[in-house]
Each structure stands twice: as C-alpha cells, then as structure tokens.
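# Residue-level structure breakdown
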Amino acid sequence: MSITPPRDKSRLATRTRLVHAGRDPSQQHGFVNTPIYRGSTVLYESYDALRNRRAEYTYGTAGTPTIRALESAWTELAGAAGTVLTPSGLAAVTVGLLSCLKAGDHLLVSDSAYRPTRVFCDGFLARFGVETTYYDPTVGAGIADLMRENTAGVLTEAPGSQSFEMQDIPAIAEAAHARGACVLMDNTWATPLLFPPHERGVDIAIEAGTKYLSGGSDLLLGLTSANARYWPALRRTFDQFAMCAGPEDVFLALRGLRTLPLRLREHGEQALKLARWFQGRPEVARVLHPALPEDPGHAIWSRDFLGSSGLFSIILKPCPEAAVAAMLDGLELFGMGFSWGGFESLVIPFDCAPYRTATPWAPGGPGLRFQVGLEDLDDLTRDLEAGFARLRATS
C-alpha cells in the first residue's frame, strides 16, 4: 500500500479529504501524523542560500512543517487562496481586520458580533483612526445605504454570537463589493463544513479553532483564510506581526481535523433535538436556533448553510435572577464557561443589552446560551428538568 497522499482529492468526499489533508507520511518516515516541530532557528546549507533565503523554511515565525500542514489543510477545506494561524480566535479577527483597514477608513460591524471583537474595534482601531459603525445584522442588501466613500470593510457573523440572528451574507457581499469594500466573516459557529465562506462571497474568513477544530477544550487557536484578492495582504500583515500559534496547539488541531465532520454532525443533531425539547418547556419563552422552522432566520439558513452546530440560546420567561442562579448552580452535566465546541456541555447566562448599539435587545426574559456536547441526551434533559424544578421553586 502506498503511503503517499491521494493525487486527486477533488473526487473525494469532504470527510475523506479531511483524513488525508495536510499530511504526507512519505515525508515523515511513514508515520501517519506530521510531528511537532518546535524551533526558531533554521540552518542554511551555504552562504548563498542564507543571503538569498534559498530554503523551504527560513525562520520559526515564518512557519514550520507542522504549521504548514494545518495551513494547507484549512485552505483546502475553506476553498481559500491561503490561511494563517494565530494564537487565538480573537487574534484571527484582528489580523483579518488589519489586513484591509488603514487610518481614515470606515468599518461596518454587525451589532451581533462577538463582544471582544467590538472591544478591539472601539479601542485599538479607534486609536489608530478607524471609525466603526454597528449595523442591524438582518439588514441584508440594505448594507449599501450604510456605506460611505471611505468604507473599507464589512464584518459579518452568522449566526450572531449569542442572539443568533442570521445574516444574508451573499447579499451583503454583493453590495459591499460594488463599493470596493472587503467582506469579513466570523464563521466559527458553522466552520467551512457547514458554510463555505469564500464560495458565498466572503473575502476574509475567521475561525476560532479553539472551538470545534479542537473538540477537546484544551487549546487556543485562530485561523484566518482569504481569497486570491486579499491573500497577499493577509499574509503580509501576519508576517509583520509574527503572531504565531503554539506548535502543540497546531498539532492538536491537526488531530482534531480528522474527526471534525463526525463530531460536528453529532453536536448539531444533539443540539437540534435539545432545542426542540426546550420549545415544549413551559419555562421557555423562545428558542434561538436558525435550524428551527419557527426561527426568523430559518429561510436564510436553509438556503446558505449545509447544517447546524451545537450552539444555540433560549430566552426564559420572566423570573428573578436568583431563580436562574438556582437552576444553573445545581446542574451536574452542564458546566459554566465562556467557550464551546468541546465534548462537554456548557451553559452561560447572557444579556446583550449593555453593548448593543444599533439594535435594541429586549427579549422579555433572561437569556441562556447552551453548548451541547456529546453526553447522552436523556441524561442532559434529566439534568435540565431538575434545573427547571429549582427555577420554579425559587421564582
């Protein structure tokens, strides 16, 4: 049996391609996985090679075989011209934004975006002369009315980080491109498996590999990919910052890549079942999940997405904060933590009102965001039933 990778991957299904992408056993003595390369210094064979940088690898910040393996695999998966790896999802956002913005530019950002992204825009970018305007995530083609002569970028996120509004990415991309603006997207919820960003008109796509690519809640990683137009600027910006991901984290992400389709499918199926279960609970006013037919963004999700993942929110009927605390503090299987995408289930309370500026957030009751892990669903619902009993007893 040959140990070289398949020559033509175009005929292979995605899950097959991900088993083989970014690895070549023939180049690593037959071992299945690309090993961890730790290092800063690269030795050159000659004076001429050093002076003219005639080497496949030149210095640790410019990449290693481990880094290149994941970069090439993700580029293939995302349908991009190239990918850079960063030490966190937020770092992936920042390197993407800095690749298309300069002092004096105007940036449009979805009002439902990841809150640390807003902090970066309102803090760092503002100090360097970039003005940010937040917009209604459901604006669609109406984004054209918000664009100025100096609008250089439009940052999208679908669905919204906690509130789960859907965005019409193709319509936004068409309007933005007509004015020469770059379209960026935080695609962490779906990954390219469920939403192929560049195929849908996104120029720079951002992913927190910390989430589903990891699958184990044990690494920090960001991935930023770009189409052919923006890839040179993205690579140049990354090289100027030398914002490198750790070698062990990259290795673990490569390992997670091999099982990503299977885990993501299970997360999605479990979450959708639990979302429907929540719809039948008397304590729940509304479930925020775009794959539900009742969701306002369902039509866009059905048209543009290939599936759903394991993250969604619910809005409880009005109740005191003490009742929410009683419900959550007694849960045995749902941890409380600010990430998601791992094998374990999580829950956090949330309130978008303090930071939303373009659209009001008044859902009528407390919000809870759930990450549905890989536990048995009957066990999860029993845990939640007990939690709802504590909530009612404290209300």
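Keep in mind the model is a prediction, meaning the values are calculated, not measured. (Residues numbered from 1 in each chain as written. Predicted model: local features only at pLDDT ≥ 70, side-chain atom pairs only at ≥ 80, totals over all residues. Heavy atoms only, no water.)

## A word on the overall build of the protein chain
- The helix and strand inventory of the protein chain stands at 12 helices and 11 strands.
- Against the globule reference of 21 Å for 395 residues, the protein chain gives a C-alpha radius of gyration of 22 Å, in line with a compact fold.
- Along the first, second and third principal axes, the C-alpha set of the protein chain runs to 75 × 55 × 35 Å.
- Buried residues in the protein chain amount to 55% of all 395 residues.
- Partitioning the intrachain contacts of the protein chain with sequence separation of at least 6 by distance along the chain shows that 72% fall at a separation of at least 24.
- Carbon and sulfur atoms make up 54% of the accessible area of the protein chain, which totals about 17,300 Å².
- One finds the centroid of the 37 positive side-chain charges in the protein chain at a distance of 5 Å from the centroid of its 43 negative side-chain charges. (Helix = DSSP H or I, 4+ residues; strand = E, 2+ residues; numbered from the N terminus. Rg over C-alpha atoms; globule rule 2.2 N^0.38 Å. Buried < 20%, exposed > 50% of the residue type's maximum accessible area, 1.4 Å probe, protein only. Contact = heavy atoms within 4.5 Å. Areas by Shrake-Rupley, 256 points an atom, 1.4 Å probe, with all protein chains shown as cover. Lys, Arg positive; Asp, Glu negative; His and termini not counted. Charge placed at Lys NZ, Arg CZ, Asp CG, Glu CD.)

## Focus on the UniProt feature "modified residue: N6-(pyridoxal phosphate)lysine" (unreviewed entry) in the protein chain
- Residues given the UniProt feature "modified residue: N6-(pyridoxal phosphate)lysine" (unreviewed entry) here are K211.
- Locating K211 in the fold gives a position in the loop between β6 (204-208) and β7 (222-226).
- K211 gets classed as buried once you look at its relative accessible area, which sits at 11%.
- When residues no more than four places from it in sequence are discounted, the contact partners of K211 are T188, S339, W340 and G341. (UniProt positions renumbered as here; feature names shortened; annotations may be inferred.)

## Focus on the sheet that holds strand β9 (residues 311-316)
- Read from one edge to the other, the open sheet built from 4 strands follows the order β8-β9-β11-β10, with strand pairing classed as antiparallel. Single-partner strands in this sheet number two, and they are β8 (284-288) and β10 (346-350). Neighbouring strand axes in the sheet, compared pairwise and without regard to direction, differ in orientation by 25° on average.
- With 5 bridges connecting them, β10 and strand β11 (residues 367-371) associate as antiparallel partners. Counted as the bridge partner of P349 is L368 from β11.
- Along the sheet, helix α9 (residues 247-279) makes contact with β8, β9 and β11, crossing β9 at roughly 10°. (Pairing = 2+ DSSP bridges. Axes fitted to C-alpha atoms, helices over the stretch in contact; angles between N-to-C directions.)

## Some details on the sheet that holds strand β2 (residues 106-110)
- Read across the sheet, 7 strands follow the order β1-β7-β6-β5-β4-β2-β3 without closing on themselves; strand pairing throughout is mixed. Of all the strands in the sheet, just β1 (82-86) and β3 (131-135) have a single pairing partner and so form its edges. Direction aside, neighbouring strands of the sheet carry axes that sit 20° apart on average.
- In this fold helix α4 (residues 89-98) packs onto β1, β2, β5 (182-186), β6 and β7, with an angle of close to 165° to the strand it touches most, β6.

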